[in-house]
Amino acid sequence: MINWIKKNRLEFFILIGILGLALFLRLYRIGEFMTFLGDEGRDVRIVRDLITRGNLVFIGPQTSIGNMYLGPLYYYMMAPALFLSNLNPVGPAIMVALLGVLTVGLTWFVGRSWFNKSAGLVAAALFSVSPVAIIYSRSSWNPNPMPLFALLCIWGVYQVWQNKKYFWLPIVGVSFAFALQMHYLGLLLAPTLGFFWLISLLRIRKDKTLRSHFVKNTLLAIALFLVLMSPLVLFDIKHQGMNFHAFEKFFTDRQTTVNLNPTKSDRFVPVIITTVTDLVLARQNISVPLISVAILLLSVFIFFKSKWRPQLKLLYIWLAFGIFGLSIYKQHVYVHYLGFIYPAVYLLLGALIGYFLSRKGFVLKVVALLTVLALLFVNLRYSPTFGQPNRQLQRTEAAADLIIKESKGEPFNFGLIAKQNYDESYRYFLENKKANLIRGEERITDWLFVICEDGDKCQPEGNPGWQIAVFGPSHIVSEWSIDYLKIYQLAHSK
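Residues numbered from 1 in each chain as written. Predicted model: local features only at pLDDT ≥ 70, side-chain atom pairs only at ≥ 80, totals over all residues. Heavy atoms only, no water.

## Overview of the overall build of the chain
- A count of helices and strands for the chain gives 21 helices and four strands.
- For the chain, the C-alpha radius of gyration of 25 Å lies close to 23 Å, the compact-globule estimate for 494 residues.
- Counting only C-alpha atoms, the chain reaches 85 × 50 × 50 Å along its principal axes.
- Split into buried and exposed, the 494 residues of the chain put 53% on the buried side.
- Partitioning the contacts of the chain with sequence separation of at least 6, the portion at a separation of at least 24 is 75%.
- Carbon and sulfur atoms form 63% of the exposed surface of the chain, whose accessible area is close to 23,600 Å².
- In the chain, 48 side chains carry a positive charge and 28 a negative one; their mean positions are 20 Å apart. (Helix = DSSP H or I, 4+ residues; strand = E, 2+ residues; numbered from the N terminus. Rg over C-alpha atoms; globule rule 2.2 N^0.38 Å. Buried < 20%, exposed > 50% of the residue type's maximum accessible area, 1.4 Å probe, protein only. Contact = heavy atoms within 4.5 Å. Areas by Shrake-Rupley, 256 points an atom, 1.4 Å probe, with all protein chains shown as cover. Lys, Arg positive; Asp, Glu negative; His and termini not counted. Charge placed at Lys NZ, Arg CZ, Asp CG, Glu CD.)

## As for the sheet that holds strand 4 (residues 485-492)
- An order of 1-2-4-3 is seen for the four strands of this open sheet, with the pairing classed as mixed. Since the sheet does not close on itself, it has two edges, and those belong to strand 1 (413-417) and strand 3 (474-482), each with one partner. Taking each pair of neighbouring strands and ignoring which way they run, the sheet shows an average axis angle of 20°.
- One ladder, built from eight bridges, connects strand 3 with strand 4; its direction is antiparallel. (Pairing = 2+ DSSP bridges. Axes fitted to C-alpha atoms, helices over the stretch in contact; angles between N-to-C directions.)

## Some points on helix 14 (residues 268-280)
- The first and last C-alpha atoms of helix 14 sit 18 Å apart over 13 residues, in line with the 18 Å expected at 1.5 Å per residue.
- Of the positions making up helix 14, those classed as buried are V271, T275, V276, T277, D278, L279 and V280.
- Packed against the buried residues of helix 14 are helix 8 (131-135), helix 15 (288-305), helix 16 (309-327), helix 17 (342-357) and helix 18 (362-381).
- At the exit of helix 14 stands A282, carrying a positive phi of roughly 55°. (Expected span 1.5 Å × (residues − 1).)

## Considerations on the nonpolar core
- Core analysis: the biggest nonpolar cluster contains 147 residues, and W114 and L315 have the highest contact counts within it.
- Once you skip the residues sitting within four places of it in the chain, W114 turns out to touch I154, W155, Y158, W308, Q311, L314, L315 and L347. (Core = buried A, V, L, I, M, F, W, Y, C linked by side-chain atoms within 4.5 Å.)

## Overview of a nonpolar patch on the surface
- Taken together, the side chains of F362, V363, V366, V367, L369, L370 and L373 present a nonpolar region at the surface, about 690 Å² in accessible area.
- Within the secondary structure, L369 sits in helix 18. (Patch = residues over 30% accessible without salt bridge, like charges linked within 9 Å, V, L, I, M, F, W, Y side chains within 5 Å. Salt bridge = Lys/Arg side-chain N within 4 Å of Asp/Glu carboxyl O.)

## Observations regarding the side chain of E424
- Relative to the helices and strands, E424 is located in helix 20 (residues 424-432).
- Ignoring sequence-local partners within four residues, the contact set of E424 consists of G38, G41, R42 and R45.

## What about the pattern of salt bridges?
- A full pass over the atoms with the stated rule returns 15 salt bridges.
- Across the salt bridge formed by R48 and E431, the nearest N and O atoms sit 2.8 Å from each other. Taken together, the residues R48 in helix 4 (residues 38-53) and E431 in helix 20 connect sequence positions 383 residues apart.
- For R48, a relative accessible area of 7% puts it in the buried group.

## Considerations on the pairing of strand 4
- Strand 4 sits mainly inside the fold: seven of its eight residues count as buried.
- By the bridge criterion, six bridges tie strand 2 (residues 447-452) to strand 4 in an arrangement that is antiparallel. Residue pairing across strands places C452 opposite K486, the latter belonging to strand 4.

## Side note on a positive patch on the surface
- A cluster of basic side chains, namely K164, R203, R309 and K313, defines a positive patch on the protein surface.
- Position of K164 relative to the elements: it lies in the loop between helix 9 (146-163) and helix 10 (168-182).

## Some remarks on helix 2 (residues 9-27)
- Here helix 2 is 19 residues long and its end C-alpha atoms lie 27 Å apart, about the 27 Å a rise of 1.5 Å per residue gives.
- Backbone geometry just after helix 2 places R29 at a positive phi near 50°.

## Description of unusual backbone geometry
- Even without a glycine there, the phi angle at K408 is positive, about 55°.
- Following the sequence through the fold, K408 ends up in the loop between helix 19 (392-407) and strand 1.
- In this structure, D483 takes a positive phi of about 55° despite not being glycine.
- As for its placement among the helices and strands, D483 is situated in the loop between strand 3 and strand 4.
- The class for D483 is exposed, based on a relative accessible area of 58%.

Next up, the structure:
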């Protein structure tokens with residue numbers, strides 16, 4: 001490593017600068033910027049119980065579409081971070097941020113290995129400042145580490161395909177299991193992995209020694225994959241195949257989920273536009289169709305003009321399967337759905353710009369350099385790091401502290417009124433701080449505390465929410481405000 005640094009001093013210092021910038025953009029005031037709503041509260045409650053009570057977890061979060069459950073690997077990833085942070089939810093968010101920086105570094109490594117030095121640095125630099133990548137690298141949420149595991153899968157299958165390093169097959173199997181348990185859109189990696197696995201096998205079909213080595217590592221990869229996915233299998237066995245039936249319904253009930261006939265899909269272009277807008281142009285509508293066409297044409301150009309055809313084949317197939325898969329999905333495509341192709345987009349940009357930076361023509365180099373600077377400027381100009389923090393974590397904890405103070409140690413019931421949230425985040429702090437919280441289904445107490453996230457429009461008296469309705473007829477005896485939150489104390493009406 002020391003010898004490499006001596007030979008590549010400038011590249012090394014630029015790389016350190018890129019990684020330092022990525023680290024700063026993700027960790028700066030992370031406790032104030034991180035998302036901490038119901039999903040995040042649910043996750044830390046589960047992982048807290050895993051740490052403090054040894055409650056093993058066999059399933060992960062439920063998907064928003066299809067009522068399927070993910071695997072539990074993300075919860076086990078969270079556990080060390082939550083433990084080291086003394087159960088502070090910032091700990092897992094920092095873990096995700098560090099994984100995000102690691103992904104930037106791995107993107108540089110892959111870009112440099114596949115293309116050239118400039119390509120690796122450009123890809124890493126654009127990835128490091130991407131507003132979307134920053135937003136999804138500073139909150140603890142299961143889809144957020146997806147880019148890392150997707151890139152490990154692709155790098156591994158490249159090593160198998162091009163370099164015949166079959167020991168990478170088990171690593172691919174493990175990485176694919178992790179990607180799949182971060183989000184089921186990781187399934188869109190399967191066609192690419194399967195395609196290059198098959199090509200690799202066909203290349204050595206006449207070589208018994210290599211074929212034997214290949215098959216052994218494939219079987220080990222499958223075994224490791226199945227071991228990591230086994231908690232879901234055990235869950236399904238216990239619950240009459242609930243997850244399997246949810247998957248079956250998702251792919252058979254095509255009116256609302258997927259359209260498997262690509263000729264009838266009208267979403268291919270919109271997915272490309274979304275990809276370019278969100279991942280390249282910092283969510284700004286800046287000549288998006290023109291830039292999309294330019295990227296496509298330049299991609300074709302460098303494929304025929306460069307010596308990078310094997311690498312570009314893998315990259316293009318990775319992107320093609322990803323965009324095609326998203327285009328047959330009928331629901332709204334949220335930007336975090338693109339997590340499995342984040343690195344591919346930045347590697348493609350790195351390859352395009354790196355190719356022209358390596359040409360002899362002075363004008364081409366200047367244009368390529370100006371393009372990089374323009375993209376960096378746009379992404380930094382609209383970086384979420386320099387906006388106002390949401391302070392969700394601090395506000396949630398402050399509300400819990402106020403309730404604990406005003407309850408004066410007496411038992412109380414609790415409810416939340418919110419259009420797009422549920423009460424797990426508040427319950428996490430109330431439970432951690434040993435509040436005398438009693439769930440309504442267990443026992444009705446003398447007091448009910450209600451947090452309203454809808455401001456002055458809130459009507460806690462007679463609200464149909466279960467934890468409020470079960471308390472029975474009641475009236476407000478006290479109320480407080482924390483930012484936009486309204487907190488009410490209610491007593492039974494006679």
